[in-house]
Structure formats: structure tokens, C-alpha cells
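Letter by letter, the chains look like this.
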Amino acid sequence: MNTNSQSTYPLPQPTSFTKAFWDACQDKVLTVYACNDCGHLFLPGGPVCPQCWSSGLVSQPVSGRGTVYSFVIYQRTYHPAIPAPYVVALIALEEGPRLISNIINCASGNIVIDMPVRVMFETEDGFMLPRFEPFNPDQRNEG
Amino acid sequence: MTNNAVIAGIGHTDFGKLPERTAFGLQAEAARRAIEDAGLIPGDVDGLITDPGPAQGILDGITPHYLALGQYLGLDPAYVGSDILGGTSSVAIIQRAMLAIEAGLCSVCLCVYGDSALSTPGSYSYGRGDDAAFGLFGAVGMHALAAQRHRHKWGTRPEQLAEVALAARAHAAQTPHAQNKRPLTLDGYMAAKYIVEPLRAPDCCLMSDGAAAVVVTAADRTADLRQPPTRILGHGQASSLSTWASPDHFDTLPAARCGPQALARAGLTPDGIDLVMLYDCFTIVVLMQLEDYGFCKKGEAGAFVEGGRIGPSGSLPVNTSGGLLAEGYGGGMMHVIEAIRQLRGTADKRQIKDAETALISGHGLGMNTHATLVLGKSG
Ligand SMILES: [Zn+2]
């Protein structure tokens, strides 16, 4: 558990379950976990597939595209390294899994649920975090 | 006889900022009051189940909360435990006491909630694991995500969330021990600053130092009790532990599963409930529960609460003592105590006439856990 008394950035603490995800982020690649037995894709990592309980899991790159499932605007600062205001969102990836992240490069008043977003990466204290920005899905095939 | 566990005693402390008091001292006071109210003595207690509250966490890394409290209270019970279901815990420990009594594991079970959260800075502003890296702190962020979904799917307006906050303050104005009796107007609500948008400060419950306890006993020993026993008519529990991997995590609470179960066990429908005590850590959760328990249709809670419907003079008063939003943070145990006062007919100015049935909910963590109790008047 991160506490508010620390002024250093509350970075993720990778475990054996989540290391593959965070390691890929350091290479600016967004991944999910895939079950070799039933094909289920999921986040965050764990000891087994949460659908069939198989332990045959691999890390799999995804498109980095998704939509905003919900979002909120923190107007109170909870941690000195993350001053308000900032946007926290639950992103639904195109491939299915959802993850908590931030929405950047967009005025908070312009964010709406179901808005298309894509991943980009930013460093905090030398650690690469996946964040999301709006994009025009019509340009999807141009990368 | 359909039920053989009853609630025989209630007790609580003041709620507010009590920095000179310890959490254990508050819990001991609530326990003493509950045992006295029941007409029993400490030596009668052969069960102890606790809801430690977040400020106490896991005491020193190894000592379970019930052990520390039981040692202070000098108890050698038959049955013990602590439940850690967040805000669901108070209702959950009463259910566990009922099951233990009905299974013959004990016959007088003390259920205690207590915390010194207001005097323990940061106890509710924790980071949510690795998601703290994105600034997800406190329970408020998770509930704001749900509020945003409700606004998007159903067009729920700030003025409708305000109805919940205004009703809580109006109820608290009639509750002598309430922590926040200051009147709240719609203008005051709309002018309040956001904590995590779309939730403003009055959408968020209080933090409190305080404790509350109830005594659950076997019905066959009620002859020597001081108070008319409150009957447990129905109960249910449901959880959503897969969190947002679950397709409708922020749209439907586990209440939609355990609510009908508890009502069916009681042989009732929402129409047959006289008193509604809903866990109200944030205003949005009251709206979602009104829908998921079937007091109104899905998506219609915003319109349902308009015009003061859940306030003191409305047709469906909710949380008649002010709830977590205004009475104080009593872990959910104070919702149970208010229901029992109403069923006993001892709620003074707040008394709902002819109240015979009550539904009480507990809701906890990142909208992960839920429990329902249906209580009935003695007799
Ligand atoms: Zn699988």
C-alpha cells in the first residue's frame, strides 16, 4: 500500500504476477495476459487465468487502442507527487481487458464516456507508465 | 419458529472528533452499553465478532482485532472472529453471529464496530495498489467512476445526487447525537467544491471517531432480556471480487443479487419494507441501491428521490438518523441501531409510525462486497 506521507512518486511495485506487464511498459509496449488453454485475455496478472484457472499464461502485446469506460477528475490532491487536477479513467481496451490509467493531452471538459483513446508512455522517476490520449479512429489504419 | 436468533441489545458512543479516546476505549464503551441495554452482564457473553474499521488495520501484523479487544474485555468466548469486508462488515458480523447462534456455537454474541478514523490521518486516503501510480486514491475515486457512468447512462443530474445529501442532513437535524446537523440547501450543495468530480464534498460521508455494538442472542433465552427482541427475518450476501473485469461492476451492485435473496427469506417485497437504511458512503450508492433493491426501476433513482421523497417528510424516508453522510461514520452498525430504535418505537422525533419491517444494507471496498439484513419488530 502506498501512503501519502511519501513525497516520491508512488510507482508500481511489480510482483511475479505483474512483472511482465510493467517490463513491457518500460519498452513502450502495452501487453495483457493471455491464457494458453481458454484464450481469455485479462489484466492485471495473477497466478492463474481468472476464467479457467489454468496456469499456462503468456504476455501478449495489444493494439493500445480502447475507449473511455468511465473517468473522474481529481480536484483534491491525495499525494504530493500527483497534484490535482488530474483525470483518472477506466480504459476498456479493444481486446477486452480494462485498466486504470490517466487521460492526457485533452481538456477534461472534452472527455466523454466511450471516447476513443490510444496509449502513449510517460516516465515518472525513470519508470515508464502507460497513459491514454484521444485519437481519431478514422486514422486507425495509419497506425 | 422460523428464526431463532434475535437482536437483544444496542449501544454506541458519541460520534465526531474524540482525539482523547482510543478505538479500543470507544469499542469497550459501546460493548458495555449494548450489554446493559440487553439486560445482560459481561459474563453472559460467549461470542465475540468484530468489525475493526480501516484505521486499525491489522494491529501489529499478527494480532487479530478480536483477540486484542477480547483480551481487554476479559472474555473467554466459545466463538470469535473479525470480518474485513469494508463497509459491509457490520452487517456481515451480525449475520455471522446469527449463523453461529443458530448452529449452537454460542448463545450471546457481541458484535462490535469501532474506529478512531477521524483522529488517524490518512486512514481512508490510501492508494489503490499499483493504480496509485495513476492517482487512484481513496474510496471516493471508485465511487466517482460509478457516478460518472450513472450520469452517462441515465442522465442523472447533480441536483438529484443533492437530494440524497439534503435528506441526510434533514434527518440528522432530528438526531441528537448526529455529527453534522448543519442545514444544507441545494445552493449550498451546488456551490460545494468537488473532491473527485462528479462527486462534491457533500456527496462524501463523514469520518468519525466512534463505536457501536449490538448483542445477538438465542430466542429461547429472551425471557430475561430488558428490551423487546428484534427479529432477524432475512439475510443475504453477495460480492463482486473480479472488480472492473466484471462486465457491469460500476453499473450494478452485488445488492441486486443478495437483496432479493434477503427479501425472499423474509417473505417480503420492497413494498413491504417500512424502514430503509442504506449504506451511504457516497450519495451515488444510495441511488444505485434504490434501483438494485427494486424500490424503483434501473436508471430511475435520480427522478425517484426528487421532491424530498427520501427525506423526513417524504414517502420513503431513507436513513432516518442521517446515515454516514450526517449522523457519523458508524461503519454500518449505526444503520442497524437506528432500525432497531425505530422497530422498538423509541426513535423520538424521528419515529416512523407503525414501523414493523426494516431493510439494512452494508456495502464495502471498491464496490466489491454487499450484505443485506431484514429485521422485524418483536412479537
Ligand atoms: Zn483460461
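Residues numbered from 1 in each chain as written. Chains lettered and ligands numbered in written order. Predicted model: local features only at pLDDT ≥ 70, side-chain atom pairs only at ≥ 80, totals over all residues. Heavy atoms only, no water.

Per the secondary structure count, chain A includes one helix and eight strands. Counted from the first residue to the last, chain A has its helices and strands arranged as α-β-β-β-β-β-β-β-β. Over its C-alpha atoms chain A spans a radius of gyration of 16 Å, differing by no more than 12% from the 15 Å that the globule rule assigns to 143 residues. Judged by the C-alpha coordinates and their principal axes, chain A covers about 45 × 40 × 25 Å. Within chain A, buried positions represent 45% of all 143 residues. Long-range pairs, those at least 24 residues apart, make up 50% of the contacts in chain A with a sequence separation of at least 6. Accessible area of chain A: about 7000 Å², with a carbon and sulfur share of 50%. Of the side-chain charges in chain A, 8 are positive and 12 negative, and the distance between the mean point of each set is 4 Å. (Helix = DSSP H or I, 4+ residues; strand = E, 2+ residues; numbered from the N terminus. Rg over C-alpha atoms; globule rule 2.2 N^0.38 Å. Buried < 20%, exposed > 50% of the residue type's maximum accessible area, 1.4 Å probe, protein only. Contact = heavy atoms within 4.5 Å. Areas by Shrake-Rupley, 256 points an atom, 1.4 Å probe, with all protein chains shown as cover. Lys, Arg positive; Asp, Glu negative; His and termini not counted. Charge placed at Lys NZ, Arg CZ, Asp CG, Glu CD.)

This brings us to the domain arrangement of chain B. Put simply, an interface is often sized by how much accessible area is lost when its parts join up. Residues and elements named next belong to chain B. Taken as a whole, chain B is organised into domain 1 (5-118 + 207-224) and domain 2 (136-204 + 229-379). Here domain 1 and domain 2 have C-alpha centroids that lie 23 Å from each other. Listed as interface residues are 34 residues of domain 1 and, on the opposing side, 35 residues of domain 2. Both sides of the domain 1 and domain 2 interface together cover about 2700 Å² of buried area, and 67% of this is carbon and sulfur. Inspection of the region where domain 1 meets domain 2 yields one salt bridge. The residue aspartate 37 makes a salt bridge to arginine 344 at a minimum N-O spacing of 2.9 Å. Where domain 1 packs against domain 2, one counts 18 residue pairs in polar contact (both at pLDDT 80 or more). (Domains from an automatic or database assignment. Buried area = accessible area lost by both parts, 1.4 Å probe. Salt bridge = Lys/Arg side-chain N within 4 Å of Asp/Glu carboxyl O. Polar contact = N/O pair within 3.5 Å; in protein donor to acceptor, adjacent residues only side chain to side chain.)

With that settled, the discussion passes to the nonpolar core. If you look at the biggest cluster of nonpolar residues, it comprises 143 residues, and the most contacted ones within it are Val214, Val216 and Leu290 of chain B. Among the elements that take part in this core, strand E5 (residues 86-93) of chain A stands out by supplying eight residues, more than any other. Beyond its immediate chain neighbours, meaning those up to four positions away, valine 214 of chain B contacts Ile7, Gly9, Ile10, Ala34, Ile94, Cys109, Leu110, Cys111, Met333, Val336 and Ile337 of chain B. Counting residues in each nonpolar core, the second largest holds 22 residues, with Ala34, Ile35, Leu48 and Val108 of chain B among its members. (Core = buried A, V, L, I, M, F, W, Y, C linked by side-chain atoms within 4.5 Å.)

Taken residue by residue, the interface counts 32 residues in chain A and 29 residues in chain B. Between chain A and chain B the total buried area reaches about 2800 Å² when both faces are included, carbon and sulfur atoms providing 60% of it. Among the residues of chain A in contact with chain B, Tyr69, Tyr78 and Ile100 of chain A are the three that bury the most area, contributing 21% of the side total. Applying the counting criterion to the chain A and chain B interface returns zero salt bridges. One can count 18 residue pairs in polar contact (both at pLDDT 80 or more) joining chain A with chain B.

The next thing to look at is the domain arrangement of chain A. Residues and elements named next belong to chain A. Domain annotation of chain A identifies domain 1 (14-61) and domain 2 (63-136). The centre of domain 1, based on its C-alpha atoms, is set 21 Å off from the matching centre of domain 2. In this assembly, 12 residues from domain 1 lie in contact with 14 residues from domain 2. Around 1100 Å² of area is buried between domain 1 and domain 2 when both sides are counted, 81% of it from carbon and sulfur atoms. When the buried area of domain 1 at its contact with domain 2 is split by residue, Gln26, Lys28 and Leu30 rank highest and sum to 46% of it. Linking domain 1 with domain 2 are zero salt bridges, by the criterion used here.

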